[in-house]
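Residue-level listing of the chains:
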Amino acid sequence: MSSTTALIDPSLRARLIASPETILEDAEVMRALVAANERTMGANIVDMRGIAMERLEARLDRLEETHRSVIAAAYDNLAGTNQVHRAILRMLDPADFAAFLADLEGEVAAILRVEALRLVLESAQGQVDPVLSRLGGVLRVTEPGFGPRYLGAEGPVPRTVTLRQIDGGARRLYGDAAAELRSEAVIRLDLGEGRLPGYLLMGSEDPHQFSPQHGTDLLAFFGGVFERTMRRWLA
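From a predicted model like this one, the values you see are computed outputs, not experimental measurements.

Q: Where do I start with the overall build of the chain in this structure?
A: Counting secondary structure elements, the chain contains nine helices and five strands. Starting at the N terminus and walking to the C terminus, you meet the elements of the chain as α-α-α-α-α-β-α-β-α-β-α-β-β-α. Taking all 235 residues of the chain together, the buried fraction comes to 33%. Sequence separation of at least 24 residues holds for 56% of the intrachain contacts in the chain that already meet a minimum separation of 6. About 15,200 Å² of surface is accessible on the chain, with carbon and sulfur atoms providing 54% of the total.

Q: What is the right way to look at the nonpolar core in this model?
A: Among soluble globular proteins, nonpolar side chains are generally buried collectively. Counting residues in hydrophobic clusters, the biggest one holds 32 residues, and the most contacted among them are Leu117, Met202 and Phe222. Elements supplying a minimum of two residues to this core: α4 (48-91), α5 (97-112), β1 (116-122), β3 (161-165), β4 (183-189), β5 (198-204) and α9 (217-234). For this core, the element with the highest residue contribution is α5, accounting for eight residues. Ignoring anything within four residues of it in the chain, the contact list for leucine 117 reads Leu104, Val108, Ala109, Leu112, Val138, Leu200, Leu201 and Met202.

Q: Just checking my understanding: could you explain the layout of surface pockets for this structure?
A: Here the largest pocket defines a volume of roughly 660 Å³. What lines the largest pocket is a set of 23 residues, among which Asp76, Gly80, Gln83, Gln209 and Leu218 lie closest to the centre. The set of elements that each furnish at least two residues to the lining of the largest pocket consists of α4, α5 and α9. Looking at which element gives the most residues to the lining of the largest pocket, the answer is α4, with nine residues. Partitioning the lining of the largest pocket into residue classes produces 10 nonpolar, nine polar and four charged.

Q: Explain the sheet that holds β3 here, please?
A: Each strand in a sheet pairs with another by means of backbone hydrogen bonds, the pair being arranged parallel or else antiparallel. An order of β2-β1-β5-β4-β3 is seen for the five strands of this open sheet, with the pairing classed as mixed. Each edge of the sheet is formed by a strand with only one pairing partner; in this case those strands are β2 (139-142) and β3. Between one strand axis and the next, the sheet turns by 20° as a mean value, whatever way the strands run. With six bridges connecting them, β1 and β5 associate as antiparallel partners. By the bridge assignment for β5, alanine 116 is matched with glycine 203. Across the sheet, α5 lies against β1, β2 and β5, angled at about 135° from β1, the strand it touches most. Each of β1, β3, β4 and β5 touches α9; the most contacted strand, β4, lies at about 45° to it.

Q: Got a minute to help me understand the packing of aromatic side chains in this structure?
A: The description of an aromatic ring pair rests on the distance of the ring centres and on the angle between the ring planes. This model, assessed by the stated rule, comprises seven aromatic pairs. Note on phenylalanine 97 and phenylalanine 100: the rings are 5.9 Å apart at their centroids and 20° apart in plane angle, and the pair reads as stacked. In this pair, phenylalanine 97 and phenylalanine 100 are both assigned in helix α5, three residues apart and thus about one turn of the helix distant. Their ring planes at 40° and their centres at 5.9 Å tell us that phenylalanine 100 and tryptophan 233 sit as a pair that is tilted. Of this pair, phenylalanine 100 sits in helix α5 while tryptophan 233 sits in helix α9, and the two are 133 residues apart along the sequence. Its relative accessible area of 23% is what places tryptophan 233 among the partly exposed residues.

Q: Even after reading the chapter, I still don't get unusual backbone geometry, so can you show me in this structure?
A: Trans peptide bonds make up the majority, and among non-glycine residues the majority have a negative phi. Of note, arginine 113 is a non-glycine position whose phi angle comes to about 60°, a positive value. With respect to the element layout, arginine 113 can be found in the loop between α5 and β1. Given the relative accessible area of 62%, arginine 113 is considered exposed.

Q: Would you mind going over the environment of aspartate 93 with me for this structure?
A: Structurally, aspartate 93 can be placed in the loop between α4 and α5. Here aspartate 93 falls in the exposed class, since its relative accessible area comes to 53%.

Q: Explain the side chain of threonine 162 here, please?
A: Inspection of the secondary structure assignment puts threonine 162 in strand β3. In contact with threonine 162, not counting residues within four places along its chain, are Leu151, Glu184, Ala185 and Val186.

Q: How do you make sense of the side chain of arginine 140 when you look at a structure like this?
A: Tracing the backbone through its elements, the reader meets arginine 140 in strand β2. Although arginine 140 is buried, it forms no salt bridge, and the closest oppositely charged side chain is glutamate 105 at an N-O distance of 7.0 Å. Only 3.1 Å separates the side chain of arginine 140 from the backbone oxygen of arginine 172, close enough to count as a polar contact. In this structure the side chain of arginine 140 is engaged in a polar contact, spanning 3.1 Å, whose partner is the backbone oxygen of leucine 173. Apart from residues lying up to four places away in sequence, arginine 140 is in contact with Arg118, Leu119, Val120, Leu121, Arg172, Leu173, Tyr174 and Gly175.

Reading the values: the criteria
- Residues numbered from 1 in each chain as written.
- Predicted model: local features only at pLDDT ≥ 70, side-chain atom pairs only at ≥ 80, totals over all residues.
- Heavy atoms only, no water.
- Helix = DSSP H or I, 4+ residues; strand = E, 2+ residues; numbered from the N terminus.
- Buried < 20%, exposed > 50% of the residue type's maximum accessible area, 1.4 Å probe, protein only.
- Contact = heavy atoms within 4.5 Å.
- Areas by Shrake-Rupley, 256 points an atom, 1.4 Å probe, with all protein chains shown as cover.
- Core = buried A, V, L, I, M, F, W, Y, C linked by side-chain atoms within 4.5 Å.
- 1 Å grid on protein atoms, 1.4 Å probe; cavity = no way out; pocket = protein on both sides within 12 Å on 5 of 7 lines; lining within 4 Å.
- Points joined across faces, edges and corners; volume = space filled by probe spheres on them.
- Nonpolar A, V, L, I, M, F, W, Y, C, P; charged D, E, K, R; others polar.
- Pairing = 2+ DSSP bridges.
- Axes fitted to C-alpha atoms, helices over the stretch in contact; angles between N-to-C directions.
- Phe/Tyr/Trp six-rings, centres within 6.5 Å; stacked < 30°, edge-to-face > 60°.
- Lys, Arg positive; Asp, Glu negative; His and termini not counted.
- Salt bridge = Lys/Arg side-chain N within 4 Å of Asp/Glu carboxyl O.
- Polar contact = N/O pair within 3.5 Å; in protein donor to acceptor, adjacent residues only side chain to side chain.

Purely geometric stuff here, so don't read any function into it on its own.
Printed below as a string of structure tokens:
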């Protein structure tokens, strides 16, 4: 009884012997070779080497996925940092308070990619100063204690930055833009000794832009620069 053996093309065989790493570095080829080897051994033989390779391959896949996630997060963080830095530089440009407020709802809001940006100042008088009312739609004056009530907090607002998803914003704050807003950032502002707190509100139509799971370090930094700039104007 005679048998025949399929032969590899001599030129291909020579290339594989000269560069075996071309097979070792190809995951699909290696899987095919391991599967073929298991078929030749039969169903009654357990290939511990094949099992170990499968486990190592699964671990490698997890490591690669983690690696990609870390790189993506790093790029997102870098892009967010550059975005906040650009907004801060723009915020420091105006030479008067009216231009400062105009930039907030214009260039600064555009850089931060939010559809609405509002500066809320608490006032014991509970009414808008006629001078402030002429400074643009970005400014809102509210009664004392606005922040805790707006955020549903018991007592003082517990965090400097609050991120949350919303089904439309408050119309008295956001005006015509309120209905389309789906997420919001609320930054508490310390405006100095003897002054009531203020709040910087950012509203977005993207429900995923501001989420409680996101980090707040960059927005806290932006708020720290903002409140120091406001103290200068209020002085």
